[in-house]
Structure formats: C-alpha cells, structure tokens
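Observations on the model geometry
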Amino acid sequence: MTSKTKNSSVPYAPGCNSNSDNSILQVRNLRKWFNVKSAFRFAGRDLFGTTSWLKAVDDVSFDIEYGKTFGLVGESGCGKTTTGKLILQLEKLSTDGSVDAGNIFFKGEDLKNLSDAGKKEYRTSIQAVFQDPWSSLNPRMRVRDVIGEPLKIATKMTRSQINSRVSEVLEEVGLHSYQSNLFPHEFSGGQRQRIGIARALALQPELIILDEPVSALDVSIRAQIMNLLVDLQKEHNLAYILIAHNLATVRYMCHQMAVMYLGVIQEMGDTEAIFNDPMHIYTNALISAALPSHPDIEREEIILPGEVVSPIDPPSGDVFMTRTPLEVDEKHEYFSTRPNLVEKSKNHWVIDTPWSLATKENRVKMASLELD
Ligand SMILES: Nc1ncnc2c1ncn2[C@@H]1O[C@H](COP(=O)(O)OP(=O)(O)O)[C@@H](O)[C@H]1O
Ligand SMILES: [Mg+2]
C-alpha cells in the first residue's frame, strides 16, 4: 500500500481510505494517555502513589465521510468519549513532550496548521450532542438562550436574528417556536434531546458528534430521535460520529463503524459487513450480548470471560490478549508488538492474531474450553 494518496498529506493508516476528497475529518494515530496515580501491591504491601499511564486512546485512526455516519462502539471505558472530546478539542493532546500523539485533519488540513479563519470554521463546523445535554447548562436558562448561546458566542448576529434562527431550528427538530420561552425542565426527556440537537444545529455544522444521544431515553422515544437525526442528516448532508454502546442504534444509523477495546480499534468497516459477518471474537461477544439471536441465524453465542480489564498499563502487544478465552502464545510477536488492522474482505478490517478471530477453529477450541 502506498503511504499517501495523490492529493493529500494525510498519512495512510490501515482501514482508512486517506482520500481527503470524500472525508470531512480524518483522525490519524491519535493517542491520549492520562497520567494517573494508583495503588500498587508489591510483596504483599501497598505502595501508594505509583504513577502509571492510563491508555484511554491508543493509536486510533479513522475517516469520516461527508454526509455519513461513523459509529464508535465498545464497552464503557474503551475510549469513545475521549476520542470525541479530542475531536471537539474539549480534551487536548499534551504538548509537553509527553506520550500524546496523533493528528486530526479537517478537510485535508492538519488542525495544527489551520489559519485563524480555518480554526473558526472548524469550531462552528463541528458540534456535539451529549447523552444529557443539560448537565453542563444552567437550568435557569430559557430554551431561547440555550439554543442561541453558540450563535451569540461565534457570530455577530443581532438578538432578533438569533431569535429567528432559534425559531427555525426549533421547528426543524419538531418543536414550536413559542416554546423558546420555556425552561428545559418543562420538557420531556425526548423533547430535551430535541433541544440539544437544535442547539447543535444552530451554527449549521457539517459534522455532529453524537455521544450516546439516545441512551438515556425510553425505548419508545429512541426511534423518534434516531429518525429525526437521520432526516436532518439527509436534509443538511450532515456527517455524524455516533458514539454508542447500543448495537441496534449503531446498525440503524451508521454507514461505517469501528469496534474499540481498551483504546484500540479491533474491527472497522462497513456496518452491514460487520453485522453480517463479525470477525473478531470481541465483536461477536458484543453482538451476542446485545442482540437476541435469531432462530434462523446459526451463530453460537460468544461470552467473554471476566470484566473489561483496566486500561492502566495494558499489554504492550495486542490489548485483547488478556480477555481472550483462548491461549496466547507468549513467544508470538503480537505478545509484545501491537498488531495492525488487516483487510479481510472489502472495507472490512480486523485485528488478526491467532486468538482474535472467531474462526471455526477458534470456536471449536472455545467450545472445548467450556466443557472443562
Ligand atoms: N480526564 C481523565 N483523567 C483520567 N482518566 C480519564 C480521563 N477521562 C477519561 N479517562 C479514562 O479513560 C478511559 C476512557 O474513558 P472514556 O473515553 O470516557 O470511555 P467511554 O466513552 O468509551 O466509556 C476510562 O478508563 C476513563 O476512566
Ligand atoms: Mg463515553
């Protein structure tokens, strides 16, 4: 594989097309490690104050196409929100010569090299919707101010222009302009998330990061909000990053997706390819835990032993090896060297180690383990 495409300075990364013509955002080799103090036991004694690295995001690369949804899934703590926050610049890469690394390219341009105008465009083009959009807002703000705030900060619009834009986006999300006078607590959960979406839409962004946007909602409301998001996407050619642990939501909304485990992408590609043929044992386990198996589909359930292991000082090689039910050969190169994603079928990439794939052979081995 060549390292670059013809028109782009965006480096090649496995699983990414690196074509900046199609991509609004390209994340390359993103790494965010947090320095944490932890208790450490040695020779039966607790040694406190040990400093360790919590590898929240470790060498993550993906592309977001214009007008498309990219899903990030994985168990709690695998680094999804940190990835979103790094893109939103709510979390920064340390620049003090520490271990943080990576680049984010916006329309082919490295964020680090953006002009002031480019930075301003970036800040308005990328917006976010969180699970609970009110946690960070003053409960005494009226809806008008909640939605108008980004306009007030980022534009020179007059009060009346802001008010008319607020009315416009309220209608777009299925509410009424007269409701702009109300306070958030006067709305239901679903309506409040509509207001959160209206706030994200106000500046006419091109990419919205949706971090668990429907997780806190009643199941009956989720579909309405997902449909609204899909309609808005078509209407405005919006790109989304959907962070979710609910796989049904991901399957419904995402064109492409990545499965993360301990800060590392384990499987990535077209959503349908992954759901139709999940290759990684971990993806199989997530799917069997989340989606009831269909009687017509012959797929044995895979249940992983144990809990998610701590992201503090994970293995230097394949991070999944401490979770696999299969035996890991300590002499294998991937015991100490991180394996890359490999394209096993078109637009379907997976970490390929002797213990990561849900091959027939590995399934047979796992079935025999369960007999023990
Ligand atoms: N500011 C921080 N300081 C230290 N650790 C953090 C910080 N933010 C997140 N983490 C840790 O990073 C890991 C990834 O967190 P997060 O990105 O929130 O995961 P997810 O969204 O997938 O649940 C977790 O172990 C979390 O505790
Ligand atoms: Mg999260």
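Residues take numbers from 1 onward in each chain, read along the sequence in its written order. Labels follow written order: the first chain is A, the first ligand is 1, and so on. Selection of residues for local features in this predicted model requires a pLDDT of at least 70, selection of side-chain atom pairs for listing and counting requires 80 or more, and totals for whole chains, interfaces and linings are taken over all residues.

Our next topic: the site of ligand 1. In this analysis, residues qualify as near a molecule or strand once their C-beta atom, positioned from backbone atoms, comes within 6 Å of it. Taken together, 13 residues lie around ligand 1, and Phe34, Ala56, Lys80, Thr81 and Thr82 are the ones closest in. Within the residue set of the shell around ligand 1, elements represented by two or more residues are β1 (23–42), β2 (45–65) and α1 (80–88). The secondary structure listing takes helices from DSSP runs of H or I that are at least 4 residues long and strands from runs of E that are at least 2 residues long, numbered from the N terminus. The element contributing the most residues to the shell around ligand 1 is α1, with three residues. Under this grouping Gly is polar, as are all residues other than the nonpolar Ala, Val, Leu, Ile, Met, Phe, Trp, Tyr, Cys and Pro and the charged Asp, Glu, Lys and Arg. Broken down by class, the residue content of the shell around ligand 1 amounts to six nonpolar, six polar and one charged.

To continue, consider the pairing of strand β7 (residues 207–211). Residues with at least 20 other C-beta atoms within 10 Å of their own are called buried, those with 12 or fewer are called exposed, and the rest are partly exposed. The C-beta atoms themselves are positioned from the backbone. Among the five residues that make up β7, five are buried, leaving the element largely enclosed by the rest of the structure. What you see with β7 is no split at all: Leu207, Ile209 and Asp211 on one side and Ile208 and Leu210 on the other are buried throughout. DSSP bridges decide pairing: two strands pair if at least two such bridges lie between them. The pairing of strand β6 (residues 126–130) with β7 spans five bridges and is classified as parallel. Residue pairing across strands places Gln127 opposite Ile208, the latter belonging to β7. Bridging between β7 and strand β8 (residues 239–244) involves five bridges; their strand directions are parallel.

Before going further, it helps to examine the nonpolar core. Counting 85 residues, the largest nonpolar core has Ala198, Ile208, Leu210, Ile241 and Leu242 as the members making the most contacts within it. Ranked by the residues each element gives to this core, the list is headed by β8, at six residues. For every residue pair, C-beta atoms are placed from the backbone, and the pair is scored as a contact if these atoms sit within 7 Å. Residues contacting Leu210, with those up to four places away along its chain left out, are Val129, Leu229, Tyr240, Ile241, Leu242 and Ile243. By convention in this section, buried Ala, Val, Leu, Ile, Met, Phe, Trp, Tyr and Cys residues joined through C-beta atoms within 7 Å make up a nonpolar core.

On to the sheet that holds strand β9 (residues 256–261). Pairing within the open sheet is mixed, and its eight strands lie in the order β6-β7-β8-β3-β9-β10-β12-β11. The sheet is open, and its two borders are formed by β6 and β11 (341–345), each paired with just one other strand. Across the sheet, the axes of successive neighbouring strands diverge by a mean angle of 20°, strand direction being ignored. For strand β10 (residues 264–270) and strand β12 (residues 348–351), the ladder comprises three bridges, and the chain directions are antiparallel. Its bridge partner being in β12, Met268 is matched across the sheet by Trp349. Helix-sheet contacts for α1 involve β3 (69–73), β6, β7, β8 and β9, and the interaxial angle to β7 is about 150°. Contacting β6 and β7, helix α5 (residues 189–201) runs over the sheet at an angle of about 170° to β6. Working convention: axes come from line fits to C-alpha atoms, limited for helices to the stretch in contact. Angles between N-to-C directions cover 0 to 180 degrees.

It is the contact of helix α3 (residues 143–154) with α5, at a shortest axis distance of 7 Å, that shows an interaxial angle of 30°. When the axes of α3 and α5 are compared, the pair comes out roughly parallel. Our pair here, α3 against α5, has a crossing hand that is right-handed. On α5, the residues touching Val143, Val146, Ile147 and Pro150 of α3 are Ile195, Ala198 and Arg199. Considered class by class, the residues forming the contact of α3 with α5 number six nonpolar, no polar and one charged. Put simply, angles under 35 degrees are roughly parallel, angles over 145 are roughly antiparallel, angles from 65 to 115 are roughly perpendicular, and the rest are oblique. With the far helix as reference, a near helix turned anticlockwise by less than a right angle produces a left-handed crossing, and one turned clockwise produces a right-handed crossing.

Let us now look at the confidence of the model for the protein. Confidence scores here are pLDDT values: one per residue, from the predictor, ranging 0 to 100. Here the protein averages 90 in pLDDT, while 91% of its residues score no lower than 70. Every residue in residues 1–6 scores below 50 in pLDDT, and together they form eight contacts with partners more than four places removed in sequence or on other chains.

Covered by surrounding structure in β12 are His348 and Val350 together with Trp349 and Ile351, the residues of both alternating faces. In the sheet, β11 pairs with β12 via four bridges, with the strands oriented antiparallel. Among the inter-strand pairings, Ser345 is bridged to a residue of β12, identified as His348. Following β11, the chain reverses through two residues before pairing antiparallel with β12; Asn347 in that reversal takes a positive phi of roughly 55°.

Turning our attention to unusual backbone geometry. The backbone phi angle of Asn29 is positive, close to 50°, even though this residue is not glycine. Relative to the helices and strands, Asn29 resides in strand β1. Judged by local crowding, Asn29 falls into the partly exposed class, with 13 C-beta atoms found within 10 Å. One non-glycine residue, Leu262, lies in the positive phi region at around 45°. Relative to the elements of secondary structure, Leu262 occurs in the loop between β9 and β10. On the basis of neighbour counts, which here come to 25 C-beta atoms within 10 Å, the residue Leu262 falls in the buried class.

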